[in-house]
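# Tertiary structure, described
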Amino acid sequence: MEAWRRVEVAACEAMDGPTEEELAAIRSATFTVEAVQERERITDHDVAAFVDVISASAGDAGRWIHYGLTSSDVLDTALALQLRAAGEIVLAGARELVAALAERAREHVQTVCVGRTHGVHAEPTTFGVKLAGYAMEAARNAARLERAFAQASVGAISGAVGTYSATSPEFELLILERLGLEREPVSTQVVARDRHAELLQAIALAGAGLERFATEIRHLQRTEVREVEEPFRAGQKGSSAMPHKRNPITTERITGLARVLRGNASAAVENVALWHERDISHSGAERVILPDSTILLDYLQHLAIRVVKGMVVHEDRMRRNLDLTHGALFSQRALLALVSNGMARDEAYRIIQETAQRAWDEETPLRDLLEERDLGIDLDVVFDLGDYTRHAEEIVGRLGGVVDGEARRR
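Residues numbered from 1 in each chain as written. Predicted model: local features only at pLDDT ≥ 70, side-chain atom pairs only at ≥ 80, totals over all residues. Heavy atoms only, no water.

### Examining a negative patch on the surface
Which entries qualify depends on this criterion: What goes into a patch is any residue over 30% in relative accessible area without a salt bridge, connected to like charges within 9 Å or, for nonpolar side chains (Val, Leu, Ile, Met, Phe, Trp, Tyr), within 5 Å. What sets the accessible areas is the Shrake-Rupley method with a 1.4 Å probe; for residues, cover comes only from the shown protein chains. Any carboxyl oxygen of Asp or Glu that lies within 4 Å of a side-chain nitrogen of Lys or Arg is treated as forming a salt bridge with it. In this tally Asp and Glu are treated as negative and Lys and Arg as positive; neither His nor the chain ends contributes. To locate a charge, the coordinates of NZ of Lys, CZ of Arg, CG of Asp or CD of Glu are taken. Helix numbering and strand numbering both begin at the N terminus, where a helix is a DSSP run of H or I of at least 4 residues and a strand a DSSP run of E of at least 2.
The grouping of D368, E371, E372 and D374 at the surface amounts to a negative patch. Assignment of secondary structure puts E371 in helix α14 (residues 366-373).

Now the structure itself:
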């Protein structure tokens, strides 16, 4: 309602009619939520009730309040003010998340761990490279959110069905300039709802990025893996029955609540198709999904920041897990070594596939099996972990421009 008041005052300040004395009375006009709700029991219209209360507070000058306006002028323009303010808060958290991920990525740029595809060991990578991918995604989400909040933070003072029949485009611009907002070029009385749908889609996508990171931590915290654990505070209890439990409850919470953001985004898309110039089928849903989504994303971002900064990385466990396949994850390098020595690729593939699967199934080091076969390849080169990490510094280094750019925005 305070945002509504700002729009009404700005409109009066842009008019030719009110005197300076009347403007002073309008600027000083007050309301209470209780008074507006009491009036709404009679009007059954929230903006009309608000206008009645604040007009009465302004005395005779109150006749200028809402002059030539319709309720959508006030509601949509005030909503733009709220979204702009909410965006500043959400974007601050989004950029902090980027910085936190980048810092941990740099810390672990040379921490070797298993890379997995389909949940199965693939080839070695580094935990820093893993985190760099999440940092880059978080930076893209921050940029998307910035654009989405900007394009949704537009106002409209165009009157009934958007024709300026009681005002003028010049009058609209004067008001929006006072409020620091851009104009909806064609409003049809309301700001087009594809703007709000785009914002909710960007929020849902940012939530999906948080969920992807949270899901990775949950997988890495499984007892059988135990490479990373989310923070577990002193005195915290993981289970009411089993004292040994340290459950990934924070990342599970992020995962579950990201689903709410996607549901809200779906509702926002449904709001796009209003009847003719406007209806209010979008209004009730927006009063839930817009505050809920912005508040929830801000909350989830800060949960993720806490996890990133406080997660425990078990480097020794990462090293041990590299040996679970008994060297089978070096199979590509062995394959390429045979091909380089002149062997046909399909033949080389079948030889290495059979030997690697035997190493895994029989729990015998692949290196020993290849040594027995005497295939004429340099096994020191094949089993050199350095080849998997030699570009890690370059990959993680690509964060520099992105993180520095986000820091400048902050």
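### Side note on the packing of helix α5 (residues 71-107) against helix α6 (residues 127-152)
Quick reminder of the rule: Axes here refer to lines fitted to C-alpha atoms; in helices the fit is confined to the stretch in contact. Angles between the N-to-C directions go from 0 to 180 degrees. Here the word oblique covers every angle except those under 35 degrees (roughly parallel), over 145 (roughly antiparallel) and from 65 to 115 (roughly perpendicular). A clockwise turn of the near helix away from the far one marks a right-handed crossing, whereas an anticlockwise turn of less than a right angle marks a left-handed crossing. We call Asp, Glu, Lys and Arg charged. Ala, Val, Leu, Ile, Met, Phe, Trp, Tyr, Cys and Pro are nonpolar, and the rest, Gly among them, are polar.
Following both chains from N to C, one finds α5 and α6 inclined at 165°, their axes separated by 9 Å at the closest point. If you check the angle between α5 and α6, you find them roughly antiparallel. Two packed elements cross with a definite hand, and for α5 against α6 that hand is left-handed. Residue composition of the contact of α5 with α6, by class: 21 nonpolar, two polar and three charged.

### Here's the deal with empty space enclosed by the protein
Rules: Both site types are read off a 1 Å grid over the protein atoms alone. A 1.4 Å probe that fits but cannot get out defines a cavity, while an open set with protein on both sides within 12 Å along at least five of seven lines defines a pocket; lining residues have an atom within 4 Å of a point. Grid points are joined across faces, edges and corners, and a volume is the space filled by probe spheres set on the points.
Evaluated as defined, the whole model comprises one cavity of 30 Å³ or more. By volume, the largest cavity is sized at about 130 Å³. Within the residue set of the lining of the largest cavity, elements represented by two or more residues are α5, α6, α8 (194-221) and α10 (281-310). Here the element with the most residues in the lining of the largest cavity is α6; it accounts for six residues. Within the lining of the largest cavity, the residues separate by chemical class into 11 nonpolar, three polar and one charged.

### Quick word on the packing of aromatic side chains
Our working rule: Ring geometry is summarised as follows: Phe, Tyr and Trp rings, the Trp one being its six-membered ring, pair when their centres sit within 6.5 Å, and such pairs are stacked at plane angles under 30 degrees, edge-to-face over 60 and tilted between the two.
In this structure the tally under the stated criterion is six aromatic pairs. Through a chain of ring-to-ring contacts, the aromatic side chains of W4, F31 and F50 assemble into a single cluster.

### Here we look at unusual backbone geometry
Although it is not a glycine, D44 adopts a positive phi angle of roughly 55°. When you line up the elements, D44 lands in the loop between α3 (33-43) and α4 (46-57). At D374, a residue that is not glycine, the phi angle is positive and equals roughly 50°. Tracing the chain through its elements places D374 in the loop between α14 and α15 (379-382).

### Digging into the side chain of E227
Applicable threshold: We call two N or O atoms a polar contact when they sit within 3.5 Å, provided that within protein one can donate a hydrogen and the other can accept it, with sequence-adjacent residues counted only if both atoms are side-chain atoms. It only takes one pair of heavy atoms within 4.5 Å for two residues to be counted as in contact.
Looking at where E227 falls in the secondary structure, it is placed in the loop between α8 and β5 (228-229). At 2.8 Å, the side chain of E227 forms a polar contact with the side chain of N321. When near neighbours in sequence (up to four residues on either side) are disregarded, E227 contacts C113, R116, L220, V312, V313, H314, R317, M318 and N321.

### Some thoughts on the layout of surface pockets
Of the volumes computed, that of the largest pocket is approximately 650 Å³. Taken together, 25 residues line the largest pocket, and the ones lying closest to its centre are W4, L75, L79, Q82 and R287. Of all the elements in the fold, those that place two or more residues in the lining of the largest pocket are α1 (2-14), α4, α5 and α10. Taken together, the residues of the lining of the largest pocket sort by class into 12 nonpolar, seven polar and six charged. Approximately 390 Å³ is the volume found for the second largest pocket. A328, L329, S331, Q332 and A356 are the residues nearest the centre of the second largest pocket, which is lined by 17 residues in total. Where the lining of the second largest pocket is concerned, the elements lending two or more residues are β2 (120-126), α12 (331-340) and α13 (345-362). Examining the composition of the lining of the second largest pocket, we find that six residues originate from one element, α13, more than from any other. Per-class residue counts for the lining of the second largest pocket are nine nonpolar, seven polar and one charged.

### Here we look at the pattern of salt bridges
Oppositely charged side chains may form a pair once their charged atoms are brought near each other. Rules: For every residue, the accessible area (1.4 Å probe, protein chains only) is compared with the maximum for its type, and the residue is labelled buried under 20%, exposed over 50%, or partly exposed between those bounds.
Taken as a whole and assessed by the stated rule, the structure comprises 28 salt bridges. In this structure, the salt-bridge partner of E2 is R5, at a minimum N-O distance of 2.9 Å. Residue E2 and its partner R5 are located together in helix α1, separated by three residues, close to a single helical turn. The class for R5 is buried, based on a relative accessible area of 17%. One salt bridge in this structure joins D52 and R39, with 2.8 Å as the shortest N-O distance. Placement of D52 in helix α4 and of R39 in helix α3 is noted, with a sequence separation of 13 residues between them.

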